[in-house]
Amino acid sequence: MKKLLLVLFFVPLISFGQTSAEYFNNGLEKMEKRDYKGAITDYNKSIELDSNYADAYINRGIAKNKLRNHSGAIADFTKAIELEPNNTYPYITRGWSKNILKDYYGAIVDFNKAIKLNPNDDDAYYNRGWSKHSLKDYSGAIADYTKAIEINPNYASAYMNRGVAKNDLEDYYRAIA
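Residues numbered from 1 in each chain as written. Predicted model: local features only at pLDDT ≥ 70, side-chain atom pairs only at ≥ 80, totals over all residues. Heavy atoms only, no water.

**Q** Lay out the packing of helix α4 (residues 54-66) against helix α6 (residues 88-100) with the relevant residues and their values.
**A** Axis separation between α4 and α6 bottoms out at 11 Å; the angle between their running directions is 20°. By the angle class used here, α4 and α6 are roughly parallel. Regarding α4 and α6, the two cross each other, and that crossing is left-handed. Counting all contacts with α4, which are made through I58, I62 and N65, the residues of α6 involved are Y89, P90, T93 and S97. Considered class by class, the residues forming the contact of α4 with α6 number four nonpolar, three polar and no charged. (Axes fitted to C-alpha atoms, helices over the stretch in contact; angles between N-to-C directions. Helix = DSSP H or I, 4+ residues; strand = E, 2+ residues; numbered from the N terminus. Parallel < 35°, antiparallel > 145°, perpendicular 65-115°, else oblique. Left-handed = near helix turned anticlockwise from the far one by under 90°. Contact = heavy atoms within 4.5 Å. Nonpolar A, V, L, I, M, F, W, Y, C, P; charged D, E, K, R; others polar.)

Pasting the structure below:
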């Protein structure tokens, strides 16, 4: 009888254990609800079950960025890059985190790598333009914003920031054109 009770107690625990993918999906749902701490908890569990799940590291890094833990985010994006070195997204997100920490040169290195992997990634050009703009390389920023616009003609932020960079160069006529 005791054996039967033990089996009845442990079988549901084994049967209802969540997979790494299920914890990942729970994290996505929490991210949509802006429950970033809860999402991190689920991504932690996902990573515990599958330490090679690059997307879990990426999403945990995004959640950490939302909570202003930019150094922690960079560590997660770096791990994702180790796991998937040909994926442009963790380079872009790590670059953005570096921008927030004012490591503009480090950010440019990441955006350059993303562009090398995918020369048609409008976000990589846009974000590299942001880094260059922050370094007062307005001409370089304009070139990157222009490239982002060539790739994606509907990239409103690229148009706006290109105009701001032109304004910073005191090219007022082209800034409003």
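This is not the end of the story, as more comes after the structure.
**Q** Give a detailed account of the confidence of the model for the protein, specifying residues and quantitative values.
**A** Should the pLDDT be low somewhere, the predicted coordinates at that spot are not to be read in detail. Predicted confidence across the protein gives a mean pLDDT of 90, with 88% of residues reaching 70 or more. Within the model, the stretch residues 1-15 combines pLDDT values under 50 with one contact to residues more than four positions away or in other chains. (pLDDT = per-residue confidence, 0-100.)

**Q** Which residues make up the pattern of salt bridges, and what values go with them?
**A** Summed over all chains, the structure comprises nine salt bridges. With its nearest N and O atoms 2.6 Å apart, the salt bridge here joins D76 to R60. Highlighted residues: D76 in helix α5 (residues 70-83) and R60 in helix α4, separated in sequence by 16 residues. Each member of the pair D76 and R60 is classed as buried. Salt-bridge contacts for K98 lead to D110; the nearest nitrogen and oxygen are separated by 3.1 Å. Of the two residues, K98 is situated in helix α6 and D110 in helix α7 (residues 104-117); the sequence distance between them amounts to twelve residues. On the accessibility criterion, K98 (15% relative accessible area) is buried. Residue classification places D110 among the buried residues on the basis of a relative accessible area of 2%. (Salt bridge = Lys/Arg side-chain N within 4 Å of Asp/Glu carboxyl O. Buried < 20%, exposed > 50% of the residue type's maximum accessible area, 1.4 Å probe, protein only.)

**Q** Explain the environment of S157 to me, using residue names and the numbers behind them.
**A** Turning to its location among the elements, S157 is positioned in helix α10 (residues 156-168). Along the backbone, S157 and Y126 are 31 residues apart, and their C-alpha atoms lie at a distance of 8.5 Å.

**Q** An account of the packing of helix α8 (residues 122-134) against α10 is requested, with residue identities and associated values reported.
**A** How two helices sit against one another is set out by the angle between their axes and by the gap between those axes. Viewed as axis vectors pointing N to C, α8 and α10 meet at an angle of 25°, and their least axial separation amounts to 11 Å. As the angle between them shows, α8 and α10 are arranged roughly parallel. When you trace α8 past α10, the crossing you get is left-handed. On α10, the residues that touch Y126, W130 and H133 of α8 are S157, A158, N161, V164, A165 and D168.

**Q** Please set out the side chain of S97 residue by residue, giving values where relevant.
**A** Residue placement: S97 occurs in helix α6. A polar side-chain atom of S97 sits 2.8 Å from a polar atom in the side chain of N65. In contact with S97, other than residues within four places in its own chain, are N65, H70, A73, I74 and F77. (Polar contact = N/O pair within 3.5 Å; in protein donor to acceptor, adjacent residues only side chain to side chain.)

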